[in-house]
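Observations on the model geometry
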Amino acid sequence: MRHTMRNWTNRITYFVAALALAGCASGPMAPDRSFRDTGQPLSVTTRGNGMQDMGGPWFVRGYFPGDGGLAMVTLLPDLHGQQAVEFRTEACLLSGDCETDTEIWMARPLGQNRWQLNREGDAPRQMWVVWVDDDFRTAAIGTPDGSYGWILDRRPEGGADRLRAAAEILNFNGYDTSRIKVR
């Protein structure tokens, strides 16, 4: 009986993890939710040279419900002559087994630090750099429809003052930051 119960527990654990991964796949840009007052204008930073300065990997340090599995966002300034953004999601089971998934969305510039993201089979989304610190270590990312918002950082830990500043900027731009989770 104990062995059978363990098998069911493992199956349930894997089922829950599969659901979490499925949610993560649509999580970074799920269109059916909004975490900001869309009646309020969304700002965009004029700091830097867009994809060139923002390019490379960023750890997701702050996220809204549904994006807990989103681990990294990598801006790719030159992917076969085009700009793109890679999203990496991770989910781990209690057993320690982890699953990683990546999605690449092509990025069409809409202006400085603003892109329309496109992927076959998915509705287009916008991604705006709302704020980035002077040294391009921490960034607040948003979208006019409020379907997602993130605090990104070049490092997986530290920078508490910059994380707070990014959250304040998201709040100023209409995001309900009481719902944000910070790692």
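Residues numbered from 1 in each chain as written. Predicted model: local features only at pLDDT ≥ 70, side-chain atom pairs only at ≥ 80, totals over all residues. Heavy atoms only, no water.

Focus on the overall build of the protein chain
Quick reminder of the rule: What counts as a helix is a DSSP run of H or I of at least four residues, what counts as a strand is a run of E of at least two, and both are numbered from the N terminus. Accessible area is worked out with a 1.4 Å probe on protein chains only. A residue is then buried under 20% of its type maximum, exposed over 50%, and partly exposed in between. Between two residues, a contact is recorded if the distance between any of their heavy atoms is within 4.5 Å.
Scanning the protein chain from N- to C-terminus turns up three helices and nine strands. Reading the protein chain from its N terminus to its C terminus gives the helix and strand order α-α-β-β-β-β-β-β-β-β-α-β. Burial statistics for the protein chain: of 183 residues in total, 42% are counted as buried. For the protein chain, restricting intrachain contacts to residue pairs at least 6 apart in sequence, the fraction spanning at least 24 positions comes to 56%.

Describing the side chain of Gln116
You can see Gln116 is positioned in strand S5 (residues 114–118). By relative accessible area, Gln116 is classed as buried at 19%.

A word on the pattern of salt bridges
Test applied: Salt bridges, as used here, are contacts in which a Lys or Arg side-chain nitrogen is within 4 Å of a carboxyl oxygen on Asp or Glu.
Under the definition given, this model contains nine salt bridges. In this structure, the salt-bridge partner of Arg47 is Asp134, at a minimum N-O distance of 3.0 Å. With Arg47 in the loop between helix H1 (2–26) and helix H2 (51–54) and Asp134 in the loop between strand S6 (125–132) and strand S7 (138–142), the pair connects residues that are 87 residues apart, well separated along the chain. With a shortest N-O distance of 3.7 Å, Asp135 and Arg137 are connected by a salt bridge. Connected through shared salt-bridge partners, Arg61, Asp153 and Arg162 make up one network.

Concerning the state of the cysteines
Definition in use: In what follows, a disulfide is any cysteine sulfur pair within 2.5 Å.
For the structure shown, the criterion picks out one disulfide. Two residues share a disulfide in this structure: Cys92 and Cys98, whose sulfurs sit 2.0 Å from each other. Taking the sign of the S-S torsion, 110 degrees for the link of Cys92 and Cys98, the bridge is right-handed. Overall, the relative accessible area of 45% leaves Cys98 in the partly exposed class.

As for the pairing of strand S2 (residues 70–79)
Note the threshold: A pair of strands counts as paired when DSSP detects no fewer than two bridges linking them.
With four bridges joining them, strand S1 (residues 56–63) and S2 adopt antiparallel strand pairing. Within S2, the residue paired with Gly56 across the bridge is Leu75. With seven bridges connecting them, S2 and strand S3 (residues 82–92) associate as antiparallel partners. Among the inter-strand pairings, Val73 is bridged to a residue of S3, identified as Phe87.

Regarding the packing of aromatic side chains
Note the cut-off: Only rings of Phe, Tyr and Trp enter the pairing, Trp through its six-membered ring, and a pair is recorded when the two centres are within 6.5 Å. The plane angle decides the type: under 30 degrees is stacked, over 60 is edge-to-face, the rest tilted.
Throughout the structure, instances matching the rule amount to four aromatic pairs. Arranged with centres 4.2 Å apart and planes meeting at 25 degrees, the rings of Tyr148 and Trp150 form a pair that is stacked. Neither residue differs from the other here; Tyr148 and Trp150 are each classed as buried. A network of ring pairs unites the aromatic residues Phe35, Phe64 and Tyr175 as a single cluster.

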